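The lines below spell out each chain.
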Amino acid sequence: TLYYPDSQSIKENKSTNALLLRSDNPLNLYDILSGAIVKSAPNAFLMLANSVLGSNKKSMKLIKELAFKLELPESSANNITGRRISNKNQEITLEILFKVGKILFKKMPFIQDLLSQTKFVYDNSIYRNKTNLFHYGIITHGIFYGQNDSIGIVLSSINGKKNISVVIGAKGVYHRDALLY
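Conventions used here
- Residues numbered from 1 in each chain as written.
- Predicted model: local features only at pLDDT ≥ 70, side-chain atom pairs only at ≥ 80, totals over all residues.
- Heavy atoms only, no water.
- Helix = DSSP H or I, 4+ residues; strand = E, 2+ residues; numbered from the N terminus.
- Rg over C-alpha atoms; globule rule 2.2 N^0.38 Å.
- Buried < 20%, exposed > 50% of the residue type's maximum accessible area, 1.4 Å probe, protein only.
- Contact = heavy atoms within 4.5 Å.
- Areas by Shrake-Rupley, 256 points an atom, 1.4 Å probe, with all protein chains shown as cover.
- Lys, Arg positive; Asp, Glu negative; His and termini not counted.
- Charge placed at Lys NZ, Arg CZ, Asp CG, Glu CD.
- Salt bridge = Lys/Arg side-chain N within 4 Å of Asp/Glu carboxyl O.
- Core = buried A, V, L, I, M, F, W, Y, C linked by side-chain atoms within 4.5 Å.
- Phe/Tyr/Trp six-rings, centres within 6.5 Å; stacked < 30°, edge-to-face > 60°.
- Pairing = 2+ DSSP bridges.
- Axes fitted to C-alpha atoms, helices over the stretch in contact; angles between N-to-C directions.

Draft legend 1. The overall build of the protein chain, seen in detail. Counting secondary structure elements, the protein chain contains seven helices and seven strands. Secondary structure elements of the protein chain, listed N to C terminal, follow the sequence β-α-β-α-α-α-α-α-β-β-β-β-β-α. Its C-alpha radius of gyration of 16 Å places the protein chain within 12% of the 16 Å reference for a compact globule of 181 residues. Its C-alpha atoms give the protein chain principal-axis dimensions of about 50 × 40 × 30 Å. Across the 181 residues that make up the protein chain, the buried fraction comes to 45%. Taking as baseline every contact in the protein chain between residues at least 6 positions apart, the subset at least 24 positions apart corresponds to 51%. Of the roughly 10500 Å² of accessible surface on the protein chain, 54% is carried by carbon and sulfur atoms. Looking at charge distribution, the protein chain has the averaged site of its 23 positive side-chain charges lying 2 Å from that of its 13 negative ones.

Shown next, in the form of structure tokens:
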């Protein structure tokens, strides 16, 4: 199935980390998810919400229901894009990220493949994950997002044992990676 970018997603083309979406260039679900995970593209998250799931409102309802099932604070699920929002208090702690990581890294192989991607191609452009941790063999899977790429949830394998590490509040990509290293 192909999904066409909605107007809100296209409007976000100006945002940091955004994919350059066009109304005449549909994407498949794999590319939308890759844009969200590898590039941390806010407009890919919005396109997933609006074009794939039906609406931003419906998507936030699903996210809030999942947060409730995971016994996370309601204020931990206020934002689709992972960016700071000025009119709502967003509570994210290391404990919350760790809980989410435990769920993410137990998902189906399709999800595991997405979380181990370091790059993807869209519209003749190559997008790369903003980390060297995959390249150095420090992590096997990860997702990075947030203002200044300050948040990360990663999986590593040390002597055959899987370990989840999380970081929040890093000053940027290099600081985040140093904290996870």
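Now that the structure is up, let's keep going.
Draft legend 2. Expanded view of the pattern of salt bridges. Summed over all chains, the structure comprises five salt bridges. Note that Lys130 is salt-bridged to Asp149, the shortest N-O span being 3.3 Å. Pair noted here: Lys130 is in the loop between β4 (125–128) and β5 (141–145) and Asp149 is in the loop between β5 and β6 (151–158), with a separation of 19 residues, a long-range link. A relative accessible area of 7% places Asp149 in the buried class. Salt bridges linked by common partners bring Arg22, Asp24 and Asp123 together as one network.

Draft legend 3. Looking closely at the nonpolar core. In terms of nonpolar packing, the biggest core is built from 30 residues, with Leu19 and Tyr122 touching the most fellow members. Elements with a minimum of two residues in this core: α2 (29–37), α3 (42–52), α6 (109–115), β3 (119–122), β5 and β6. Broken down by element, this core gets its largest block of residues, six residues, from α3. Look past the residues within four positions of Leu19 in its chain and what remains in contact with it is Asn13, Gly35, Lys39, Ala41, Asn43, Ala44, Phe120, Tyr122 and Tyr127. By size, the runner-up hydrophobic cluster in this structure holds seven residues, among which are Leu133, Ile139, Phe144 and Val154.

Draft legend 4. The packing of aromatic side chains, seen in detail. Overall, the coordinates contain two aromatic pairs when judged by the stated rule. Between Tyr30 and Phe110 the ring centres are 6.1 Å apart and the planes differ by 55°, which places this aromatic pair in the tilted class. Taken together, the residues Tyr30 in helix α2 and Phe110 in helix α6 connect sequence positions 80 residues apart. Residue classification places Phe110 among the partly exposed positions, given a relative accessible area of 36%. Taking the centre distance of 5.4 Å and the plane angle of 25° together, the rings of Phe120 and Tyr127 count as stacked.

Draft legend 5. Focus on the sheet that holds β5. The strand order β5-β6-β7 describes an open sheet built from three strands, whose pairing is antiparallel. This sheet does not close on itself; its edge strands, each paired only once, are β5 and β7 (161–167). Direction aside, the axes of adjacent strands within the sheet are offset by 15° on average. One ladder, built from five bridges, connects β5 with β6; its direction is antiparallel. Its bridge partner being in β6, Gly142 is matched across the sheet by Val154. On top of the sheet, helix α5 (residues 94–104) reaches β5, β6 and β7; it is set at about 140° to β7, its chief contact. In the packing of helix α7 (residues 173–180) onto the sheet, contacts are made with β5, β6 and β7, and the angle to β7 comes to roughly 140°.

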